[in-house]
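The lines below spell out each chain.
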Amino acid sequence: MNLALAPETLARWQFGITTVYHFLFVPLTISLAAITAGLQTAWVRTDKEKYFHATKFWGKLFLINIAMGVVTGLVQEFQFGMNWSDYSRFVGDVFGAPLAMEALLAFFFESTFIGLWIFGWDKLPKKIHCACIWIVAVGTILSSYFILAANSWMQHPVGYRIDKATGKAQLTDIWAVLTQNTTLVVVFHTLTAAFLTGAAFVVGVASFHLWRAKRKQLKGEELGEKQRKQLPAMLASLRVGLVIAVIAGLGTALSGDSLGKVMFEQQPMKMAAAEALWDTQAPAPFSVFAVGDVSKGHNSVEIEIPGLLSFLSHSNFSDPVPGINDIAAQEAARYGGQPKDYIPSIFMTFWGFRLMIGFGMTSFVAALIGLWTTRRKLWLAPEYRVGEDEIPRLMLTRTREMSPFFTKWSWRIGILTMGFPLIANSFGWIFTEMGRQPWGVYGLMKTGNAVSPGVSQGEVITSMTVFTALYAILAVVEVKLLVKYGSAGPDTDEKPPTKDPRLRMPGGDRGAELPEDADKPMTFAY
Amino acid sequence: MHLHDFWFLLIAVLWIGYFFLEGFDFGIGVLTKTLAKDRTERRVLINTIGPVWDGNEVWLITAAGATFAAFPDWYATLFSGFYLPLLAVLLCLIVRGVAFEYRHKRNEERWQRNWENAIFWCSLLPAFLWGVAFANMVRGVPIGPDKNFTGGVLDLLSPYALLGGLFTLVLFTFHGAVFAALKTVGDIRHRARAHAARYGLAAAALAAAFLAWTQAESGNGRSLPAAVVAVVALLAALALNRTGREGWAFALSGVTVVAVFAMVFLALFPDVMPSSSDPAWSLTVSDASSSPYTLRIMTWVAGFMTPVIVGYQAWTYWVFRKRIGTQHIPAAH
């Protein structure tokens, strides 16, 4: 059969497309839920209107986003059975458990309390309403934990045995699956990256509004009333976004380093591929740029930093790091076949790894610069300090402001890098999943043996085509909505609810709802 | 009771819970075209399920996830075998979920009309397809010795399966109309009851045909009482709807849904997916299930969480207990 249209290839493409697409929404959902919850808490505690407007504004963008996250997640769960039935039979005993736990412990919380939050503004007491969004936020984090535990088991299977009678994997220790170091480090890495994603998004949108207002001021024009009223919420958002981006960016880098060390141990091939390190070297260099030739088993062009790879894998500059050719030979000897069968796509892993780091760390550095230059008081001469509700000047030192040219570009970079972590996340997943090939479950099941034998080529082509087409349409719709609501800014005409509804439990007193409220329109309706 | 029998029961409970809850959601979706006279009335209907539809749909995710964990072979055979129908269900659920959330985001005629069409068709189609899927599952489909489905998509569209699909579609629409009568106020409430009476009669006729056919082909001593309960509850729901006892009518339309799907699962047991090629190749509760260790862990998690989930979901319905009418719908923005 034509290899390009082999069922395995098609099923992999479909899984890749639907998963990368799904994961555009996931990290934004995780982080925007928590950011919205934080802002709402600030409003409940301080009663300041800017926090109310910020909550409503980011909440709206969060809802546009979570709708897509939820529905594309459904595909993920069905897809294992639909396209990977032999995989499902083989791993179900182990892999199904965290998935079912995810539904029982996380999805129900998320989906039920999101409804309460959306429709509950005038029905629930303020504090309980605020608790609803926190429950959603915790639900998204729990959900990522369980699904990453399942994925980590594919990367590094633990707590199982192979049943002699059926040849299938059987769970022997759920605790090992849920707490192995791969799971813990991956969860930390994914969550910090998710927060970097949401924070960069917040910084980008806030920068857009602030820079638009600032430009107007620089031209000597008066700000409109609406624009002026929006400033406090956007300024607060910018600060929150920058602080979170710096902390999360640092966390992503540190956890990424730990994850690299874990992977050097558990999947040396993936890391050797990430570096296009063909032969075992001691000390091993870090390759900045390389053009490899798989058929010849070496690189034709490369730029290297001596010893750095040894440091990244073992924390010292001299230890040997095994190369692709050696690991492939070892795996072939152990599992049968040719060494070349065990080499993942070097091009995708090598560049995926670099693009992940490049895009992620650019956002982190941009946030670091932003946090420093927009500071309010620290090491800043009094005459350069701006008031609570004014757009900050970008201050390099105590008395030195950025030149107009750099100021312009700093704001623009804040806006333009808004989507960088999304790109980094996508390449991170492409790298880690493609770097595991040919294995579906590392060392236990090859991807080629995992597909559904009963599903025809035509069926997979059909599903892949409609998913891709539908996802493309929905992407356009979603982005247009985000642009519409994002560029409109907070609706400052909206007033915070004046009264705090009481919660009447079943059988309680009937005084909670006043008769004149009986025909009052809902504060929010679909 | 053996652990895998208990898990068969639990999977049945999850699917039944899903059909009870999303059944009326689908019904509401269908009624947005058949009952609502204008956009405001459509919004009244959509908002009766607004705060809860997402939570209701998680019952499906849990049913699928729990089947994966507890009966990997059942999950694998069912989902790969019914590939195209499930693909259609998935596409509908994607578009429908987005439609609820995005319909009101632009105040433009064409935009809103498109999403409203999406809500109608993407509620109607899954309501039909789930019936097709479950009818096929209980009757048996071609399954080979390696546990894989060996038929084609046309094998899934037999007259019996199509009757099953039509039955669930009409039953869910009835369930939705009764729910609409319970949750709305004003003119629409009265018309919802009139619609419920019509859909209920059609559902009763289809129930008699489908349940009798199922009982004759796949039934046993356990499934017969469930079929009887389903028919009696349906007739009782109709009578209560007529006398305006909306709460009780909804309770009994719910009992009907529960009894119909209980009958399907009782007829299945101890098989989970009978093979029409050779009974020896049928997937059974004991050979499709996970190891006792996995089932034990899942029992703890499900045993602890299910009451909590039912508790907070019930509380949600309590918070949004107020009936809504056209006067409660805020102007479009």
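No experiment lies behind these values; they were computed from the predicted model shown.

J.: What am I meant to see in the overall build of chain A here?
T.: Each helix and strand counted, chain A has 14 helices and 6 strands in total. Compactness check: chain A gives a C-alpha radius of gyration of 26 Å against a globular reference of 24 Å for 526 residues, within 12% of the reference. Viewed in the frame of its principal axes, chain A has a C-alpha envelope of about 75 × 65 × 40 Å. Summarising the internal contacts of chain A: among those between residues at least 6 apart in sequence, 74% fall at separations of at least 24. Accessible surface, chain A: about 21,900 Å² in total, of which carbon and sulfur atoms supply 65%. For chain A, the distance from the average site of its 47 positive side-chain charges to the average site of its 42 negative ones is 7 Å.

J.: Teacher, can you tell me more about the interface of chain A and chain B here?
T.: It is common to give the size of an interface as the accessible area that goes away when the parts come together. Between chain A and chain B, the contact holds 84 residues from the first and 75 residues from the second. Taken together, the two surfaces of chain A and chain B that pack against each other cover about 7,200 Å², and 71% of this comes from carbon and sulfur. The largest per-residue losses of area from chain A upon contact with chain B belong to A:Arg89, A:Phe108 and A:Tyr526, which jointly make up 13% of the total buried on that side. Residue A:Arg89 pairs with B:Asp73 through a salt bridge whose shortest N-O separation is 3.0 Å. Counting every contact that joins chain A to chain B gives 29 residue pairs in polar contact (both at pLDDT 80 or more).

J.: Can you help me understand the packing of helix H3 (residues 85-119) of chain A against helix H12 (residues 292-319) of chain B in this one?
T.: For any two helices packed against each other, the geometry comes down to the angle between their axes and how far apart the axes lie. Look at H3(A) against H12(B): their axes get within 10 Å of each other, and the N-to-C directions meet at 10°. As judged from the angle between their axes, H3(A) and H12(B) are roughly parallel.

J.: In this structure, what is going on with unusual backbone geometry? I would like to understand it.
T.: Peptide bonds are mostly trans, and most non-glycine residues show a negative phi. Cis geometry marks the peptide bond from A:Gln437 to A:Pro438, where omega comes out at 5°. Turning to its location among the elements, A:Pro438 is positioned in the loop between helix H13 (420-434) and strand S5 (439-441). A cis amide bond, omega 5°, links B:Phe269 with the succeeding residue B:Pro270. Considering the arrangement of structural elements, one finds B:Pro270 in the loop between helix H10 (246-268) and strand S1 (271-273). The phi dihedral of A:Asp47 is positive, around 65°, even though this residue is not glycine. Here A:Asp47 lies in the loop between helix H1 (7-46) and helix H2 (49-83). Its identity as a non-glycine residue notwithstanding, A:Ala276 has a phi of 50°, on the positive side. Turning to its location among the elements, A:Ala276 is positioned in the loop between helix H8 (268-275) and strand S3 (286-293). Judged by its relative accessible area of 5%, A:Ala276 is buried.

J.: Even after reading the chapter, I still don't get the state of the cysteines, so can you show me in this structure?
T.: By definition, a disulfide links the sulfur atoms of two cysteines through a covalent bond. Counted under the stated rule, the structure contains 0 disulfides over all chains. Between A:Cys132, a free cysteine, and A:Cys130, which holds the nearest cysteine sulfur, the sulfur-to-sulfur gap is 9.0 Å. Looking at B:Cys92, it has no disulfide partner, and the nearest cysteine sulfur is the one in B:Cys122, 4.1 Å off. Assessed through its relative accessible area of 6%, B:Cys92 is described here as buried.

J.: Is there a simple way to think about the environment of A:Pro501 in this case?
T.: Of note, A:Pro501 is situated in the segment after helix H14 (457-488). The residues contacting A:Pro501, other than those within four sequence positions of it, are A:Asp122, A:Lys123, A:Leu124 and A:Pro125.

J.: Please explain a positive patch on the surface as it appears in this structure.
T.: On the surface, A:Arg212, A:Arg215, A:Lys219, A:Lys226 and A:Arg412 cluster together into a patch of positive charge. When you line up the elements, A:Arg412 lands in helix H12 (residues 404-416).

J.: Which parts of the structure should I look at to understand the environment of B:Val58?
T.: One can find B:Val58 in helix H3 (residues 53-70). Residue B:Val58 is classed as buried on the basis of its relative accessible area, which comes to 1%. Taking the C-alpha atoms as reference, B:Val58 lies 9.5 Å from B:Glu22; in sequence the two are 36 residues apart. When neighbours within four sequence positions are excluded, B:Val58 is seen to be in contact with A:Ala103, A:Phe107, A:Phe108 and A:Ser111.

Criteria and thresholds
- Think of each chain on its own: its residues are numbered from 1, step by step along the sequence as written.
- Each chain gets a letter, beginning with A, and each ligand a number, beginning with 1, in the order they are written.
- This being a predicted model, a pLDDT of at least 70 is required before a residue's local features are given, and a value of 80 or more before pairs of side-chain atoms are given or counted; all residues contribute to the totals for chains, interfaces and linings.
- To obtain the side-chain values, all non-hydrogen atoms of the structure were included, while hydrogens and water were left out.
- By definition, any uninterrupted DSSP run of H or I lasting at least four residues is a helix, any uninterrupted run of E lasting at least two residues is a strand, and each is numbered from the N terminus.
- Radius of gyration: over C-alpha atoms. The globule rule applied is 2.2 Å multiplied by the number of residues raised to the 0.38 power.
- Should any heavy atoms of two residues lie within 4.5 Å, those residues are considered in contact.
- Only the protein chains shown count as covering a residue, and every accessible area follows the Shrake-Rupley method with a 1.4 Å probe.
- Positive charges come from Lys and Arg alone, negative charges from Asp and Glu alone, with His and the N- and C-terminal ends not counted.
- All charge positions are set by atom: Lys at NZ, Arg at CZ, Asp at CG, Glu at CD.
- By buried area we mean the combined loss of accessible area, with a 1.4 Å probe, across both parts when two parts are placed together.
- Any carboxyl oxygen of Asp or Glu within 4 Å of a side-chain nitrogen of Lys or Arg constitutes a salt bridge here.
- Polar contacts here mean pairs of N or O atoms no more than 3.5 Å apart (in protein, one a potential hydrogen donor and the other a potential acceptor; neighbouring residues in sequence count only if both atoms are side-chain atoms).
- The axes used here are C-alpha line fits, helices contributing only the stretch in contact, and every angle between their N-to-C directions lies in the interval 0 to 180 degrees.
- When an angle is under 35 degrees it counts as roughly parallel; over 145 it counts as roughly antiparallel; between 65 and 115 it counts as roughly perpendicular; any other value is oblique.
- For each residue, the accessible area found with a 1.4 Å probe, counting protein chains only, is set against the maximum for its type, and the residue is called buried under 20%, exposed over 50%, and partly exposed in between.
- The rule for a disulfide is simple: a pair of cysteine sulfur atoms within 2.5 Å.
- For patch building, the residue pool is restricted to those with more than 30% relative accessible area and no salt bridge; the joining distance is 9 Å between like charges and 5 Å between nonpolar side chains (Val, Leu, Ile, Met, Phe, Trp, Tyr).

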